[in-house]
Amino acid sequence: MSRAGSYLRHPFWQALGVLVGSYLLFKFGIGYVLPAIGVHSAPVPSSVLLQYMLTVVVALLLYVSTNEGRWSKFKEPLRQVMVDSDKRALRVVLLVALPLLVGFLTYGRVRADVGAPASLRSIHPAPPNQITFRGETISLTGLENPLREHGSFEEHLAVGATVYVQNCMPCHGDRLDGEGPAAHALNPVPANFTDNGTISQLTESYVFWRIATGGRGLPVEGAPWNSAMPAWEDLLTVDEIWAVTLFIYERSGSTPRTWEESSEGEGH
Amino acid sequence: MVGRLVSAAPLRSVALPSVGSSRVRWVGVGIAVLLALLLPVRLAPAQDAASGEAIYRAWCLECHGAEGRGDGPAAERMLPRPRDFVGARYQIRTTASGELPTDDDLMRVMRDGLPGTAMPGWPNLGDQEKRDVLAFVKSLSPFFERETPEVLQRSADPGGGADRAGAGREAYGTLECARCHGEHGRGDGRSAPTLEDWRGFPVRAADLSEPWLFNGGMGADAIHTRFLTGMDGTPMPSNQDALEAGVVTEEDLWNLAHYVAGLGPAKAPELEEVVRVERREQLPGGPADAAWDDLPSFYFPLVGQIVQAPRQFAPTVDGVWVKGVHDGAELALRIEWNDPSNSPDPGWQEWQDKIAAALYSDGAPIPAEPLPDLLGVQFPMTPPDGRARPYFLMGDRRKPVYLWLWHSRRGAVEGRATGLGTTEVVDSGAGLTASAEWEAGRWRVVFRRPLADDDDGVLSFSEGDPIPIAFFAWDGSSGETGTRGSISAWYFVGLQPPTSNAVFVAPLVAFLVTGGLGMFAVRRAQKSYRG
């Protein structure tokens, strides 16, 4: 049996391997490797990473301790380091290095630094029952996109496409994924319409409201002071807003929520 | 894709028969492998211009236009304008000047996009779809039928990086790069205000200190490629003739490539949300004081103000670098940004008119006179209570913003705004001062103000609490004024409290406790095993 093979079969080294491997997977695999090969993904936040790693540690301990032989074999390298006289040098190094590492990490935490406050906001705050559009009252409850019933769908779509590229594209992007050329400088980032957490969760009347009144029309829980979304009632007509609404659903392959199924859950 | 699907079939068919000698089977496998290797080559890139046209109509037409002339409905808000596929002058190529790009050149642009422009990469289109679009785009110009472009042979990068910068700087002078790009590469050369592309649209000389926005990508190799291929349709020439005539050497061009690559950071600056304002015994003096040098620098991207009309879709200022320091009594912030013109400057009048003609088509009045450069630094009027802040674009009626307004000829004043275009000057008596310096395409403005303010209505700065800050910049020589300018989101300034020795207590305790526990565990283990 080769030396490498005996390491591979040893429960201690197996556990260590799984621990390091899963850390690398969570830290780099999900956040960086997946996007590199074209799968939509994002880096795992450190608090979530800590949770994942704790779960892995618990699972590993359960695994090594369920079998008596495996458990004693698992403990063997630990015992050697702590007890064996020929491991004395390693023991001293570890006894100094580990506390130093802990001290250093603690220093990083307590060092005085002024951090940005958490920016909590409701992403889809509850909409009002009615809005005023250039002084005219529009009731949102039960409101459907009138362009789906009237006129030529293709023509509405063409109008919507032009409105979109002239006005929305700089932020929401050519691909409707919220990655337009101006998006990187905005906070919050523009909505990604191809994500099924955005417009496919909403009725078209909700989308109309968000377009018409923009950031300034948000309630306080939506952090209106940060939103770069213009109030399009200043720049577009009602029909243009309905046309661009049609366009973003059509082009992103999303379907709007309808009033029947959303009468209770509207607005989260 | 097609090739891979087909090649899988023969492999499966040899695996099925289980009879026959192993030798026969191996021959079968060999043939299958050969077929698998050959098939993709024989079937691949069938480019289908008809299917490409459908994709073009869905995704490309809005910018590049129904006939591919670069004049779609979105085009008039972009600078540089979208490519005209009929005229077929391509900037980013690997072919000699005056030639068409290769298929690979065009595929690369579709895959990665062009940094610093509105052209994104298209990961949502598959490889075959991109090839189809390629076929269609090429069919728009008769030139592609007549010519088969070939990659221009270049020498390999001899390496040496920063060691070549000194010699590269000399080549920068010999080749007169500064004439457009300016002495320090910030796009402020004396010809810069006159530059235009082959269709007469104004072209900004590339700011070489912001390589992450280079259309052809960053790094010495990409830069060297641009030197030799030129950027057709723009004033950027090819140096291939100069090289062949012996006016410059291979060595010169590589030196220059490494010099240019070193004019900016090796990667795009990362965004941090808080300007860390360190506490020092003494505040630095003017903008160029060396005492600023060792303070950390924070980058904030700016984009055009397109929220409220009249809008600016392609502004000059694309970011600010901020440094901050305080001494317990006074705060000093240095804001630095690149702007090729020290406005108002009559030398840029022609440029201002061209930008207005190219971009400001919304019917709003266009100022004809030379305009100043301006910078607005926004804060909330009072420290935010809870999360609520003023609207990031100059506040609103309920929550005004407190402004530091700097004017390139008149210096700084304090102001108050309740929305875009509502700025009023207020003298709070807080003692705001500013000193500014424009040097070779870069503004540096130092603002100083006492931390505390006697006027209860005006913001006081205090240690510890992060205070929201946002920026608004105007380049007068591009006709920017009023709501036309560059904006940022809200960020923060955080004044560091003085470092106390208390921060070392917790790490020391953690060190001792961990060490003690370790020793204890080892002792116990040794006792139980030996005993």
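Another aspect to go through is the overall build of chain B. Along its length, chain B carries 14 helices and 14 strands. Compactness check: chain B gives a C-alpha radius of gyration of 30 Å against a globular reference of 24 Å for 531 residues, more than 25% above the reference. Projected onto the principal axes, the alpha-carbon positions of chain B cover approximately 95 × 95 × 50 Å. In chain B, which comprises 531 residues, the proportion classed as buried is 51%. A total accessible area of about 24600 Å² is found for chain B, and carbon and sulfur atoms account for 55% of it. With 52 positive and 69 negative side-chain charges, chain B shows a spacing of 9 Å between the two charge centroids.

When the domains of chain B are assigned, the result is domain 1 (2-43), domain 2 (49-146), domain 3 (161-261), domain 4 (274-499) and domain 5 (505-531). Here domain 2 of chain B and domain 5 of chain B have C-alpha centroids that lie 67 Å from each other.

On to the domain arrangement of chain A, then. Looking at chain A, the domain boundaries give domain 1 (3-110) and domain 2 (130-262). Look at where the C-alpha atoms of domain 1 of chain A and domain 2 of chain A centre, and you get two points 48 Å apart.

In this section: the interface of chain B and chain A. Each partner contributes to the interface: chain B provides 59 residues, whereas chain A provides 51 residues. Per-residue buried area on chain B facing chain A is highest for B:Val303, B:Arg387 and B:Phe511; these three make up 13% of the total on that side. Joining chain B to chain A, the criterion identifies zero salt bridges. For the interface between chain B and chain A, the tally reads ten residue pairs in polar contact (both at pLDDT 80 or more). At the level of secondary structure, the elements contributing two or more residues to the side of chain B that touches chain A comprise α3 (49-59), α4 (61-64), β1 (274-279), β14 (491-495) and α14 (505-530) of chain B. Ranked by residue count, the leading element in the side of chain B that touches chain A is α14(B), at 14 residues.

Residue and element names in this part refer to chain A. Looking along the chain, the bond that leaves Asn187 and enters Pro188 is cis, with omega of 5°. Mapping Pro188 onto the fold places it in the loop between α6 (153-172) and α7 (204-213). Residues other than glycine seldom take positive phi values, yet Ala223 does so here, at roughly 50°. Structurally, Ala223 is set in the loop between α7 and α8 (238-252). Residue Ala223 is classed as buried on the basis of its relative accessible area of 5%.

Here the focus is the pairing of strand β11 (residues 442-450) of chain B. Residues and elements named next belong to chain B. The element β11 is extensively covered by neighbouring structure, given that seven of its nine residues are classed as buried. In this sheet, β11 lies alongside strand β5 (residues 330-338) in antiparallel orientation, the contact comprising nine bridges. Within β11, the position partnered with Ile335 by the bridge is Val445. In this structure, the hairpin formed by strand β10 (residues 433-439) and β11 is closed by a connection of two residues, where Ala440 is found at a positive phi of approximately 45°.

Residue and element names in this part refer to chain A. Summarising burial for α7: ten of the ten residues are buried, a large majority. Residues Glu204, Ser205, Tyr206, Val207, Phe208, Trp209, Arg210, Ile211, Ala212 and Thr213 constitute the buried set of α7. Looking one or two residues past α7, Gly214 carries a phi angle of roughly 60°, positive in sign.

Let's shift gears to the packing of α3(B) against helix α6 (residues 127-139) of chain B. All names here are of chain B. Interhelical geometry of α3 versus α6 gives an angle of 95° and a closest axis separation of 7 Å. When the axes of α3 and α6 are compared, the pair comes out roughly perpendicular. Each of Ala49, Ser51, Gly52, Glu53, Ile55 and Tyr56 in α3 lies in contact with α6, whose residues at this interface are Glu129, Asp132, Val133, Ala135, Phe136 and Val137. The residue makeup of the contact of α3 with α6, split by class, is seven nonpolar, two polar and three charged.

Two measures describe an aromatic ring pair: the distance that separates the ring centres and the angle between the ring planes. All names here are of chain A. The final tally for this structure, using the stated rule, is 32 aromatic pairs over all chains. Consider the rings of Phe28 and Tyr32, whose centres lie 6.2 Å apart with planes at 40°: the pair is tilted. A residue pair is termed a helical-turn pair when its members lie 3 or 4 positions apart in one helix, as Phe28 and Tyr32 do in helix α2 (residues 11-36) at four residues. Since its relative accessible area comes to 48%, Tyr32 is described here as partly exposed.

Now for the environment of B:Glu330. All names here are of chain B. Tracing the backbone shows Glu330 in strand β5. Looking at Glu330, the relative accessible area reads 22%, which means it is partly exposed. With 122 residues separating them in the primary sequence, Glu330 and Ala452 have C-alpha atoms 8.1 Å apart. Within the local environment of Glu330, its side chain forms a polar contact with the side chain of Arg448, the two groups lying 3.3 Å apart.

Below, the discussion takes up the side chain of B:Glu210. Residues and elements named next belong to chain B. Mapping Glu210 onto the fold places it in the loop between α9 (178-181) and α10 (220-229). For the buried Glu210, no salt bridge exists, and the shortest N-O distance to an oppositely charged side chain is 8.7 Å, to Arg186. With residues up to four places along the chain from it excluded, the contact list for Glu210 reads Asp318 and Asn338.

All right, on to a nonpolar patch on the surface then. A cluster of nonpolar side chains, A:Tyr7, A:Trp13, A:Leu16, A:Val20, A:Tyr23, A:Leu24, A:Phe28, A:Tyr32, A:Val33, A:Leu34, A:Ile37 and A:Val39, forms an exposed patch at the surface whose accessible area comes to about 1100 Å². Here the nonpolar patch gets nine residues from one element, more than from any other, and that element is α2(A).

What follows deals with helix α12 (residues 250-261) of chain B. Since the α-helix advances by 3.6 residues per turn, residues separated by three or four positions end up pointing in the same direction. Residue and element names in this part refer to chain B. Counted at 1.5 Å a residue, the expected span for α12 with its twelve residues is 16 Å, and the 17 Å between its end C-alpha atoms agrees. Turning to α12, its buried residues are Leu253, Trp254, Asn255, Leu256, Ala257, His258, Tyr259 and Val260. Tucked inside the fold, the buried residues of α12 contact α8 (165-174), α10 and α11 (240-244).

Reading guide: rules and limits
Residues numbered from 1 in each chain as written. Chains lettered and ligands numbered in written order. Predicted model: local features only at pLDDT ≥ 70, side-chain atom pairs only at ≥ 80, totals over all residues. Heavy atoms only, no water. Helix = DSSP H or I, 4+ residues; strand = E, 2+ residues; numbered from the N terminus. Rg over C-alpha atoms; globule rule 2.2 N^0.38 Å. Buried < 20%, exposed > 50% of the residue type's maximum accessible area, 1.4 Å probe, protein only. Areas by Shrake-Rupley, 256 points an atom, 1.4 Å probe, with all protein chains shown as cover. Lys, Arg positive; Asp, Glu negative; His and termini not counted. Charge placed at Lys NZ, Arg CZ, Asp CG, Glu CD. Domains from an automatic or database assignment. Contact = heavy atoms within 4.5 Å. Buried area = accessible area lost by both parts, 1.4 Å probe. Salt bridge = Lys/Arg side-chain N within 4 Å of Asp/Glu carboxyl O. Polar contact = N/O pair within 3.5 Å; in protein donor to acceptor, adjacent residues only side chain to side chain. Pairing = 2+ DSSP bridges. Axes fitted to C-alpha atoms, helices over the stretch in contact; angles between N-to-C directions. Parallel < 35°, antiparallel > 145°, perpendicular 65-115°, else oblique. Nonpolar A, V, L, I, M, F, W, Y, C, P; charged D, E, K, R; others polar. Phe/Tyr/Trp six-rings, centres within 6.5 Å; stacked < 30°, edge-to-face > 60°. Patch = residues over 30% accessible without salt bridge, like charges linked within 9 Å, V, L, I, M, F, W, Y side chains within 5 Å. Expected span 1.5 Å × (residues − 1).

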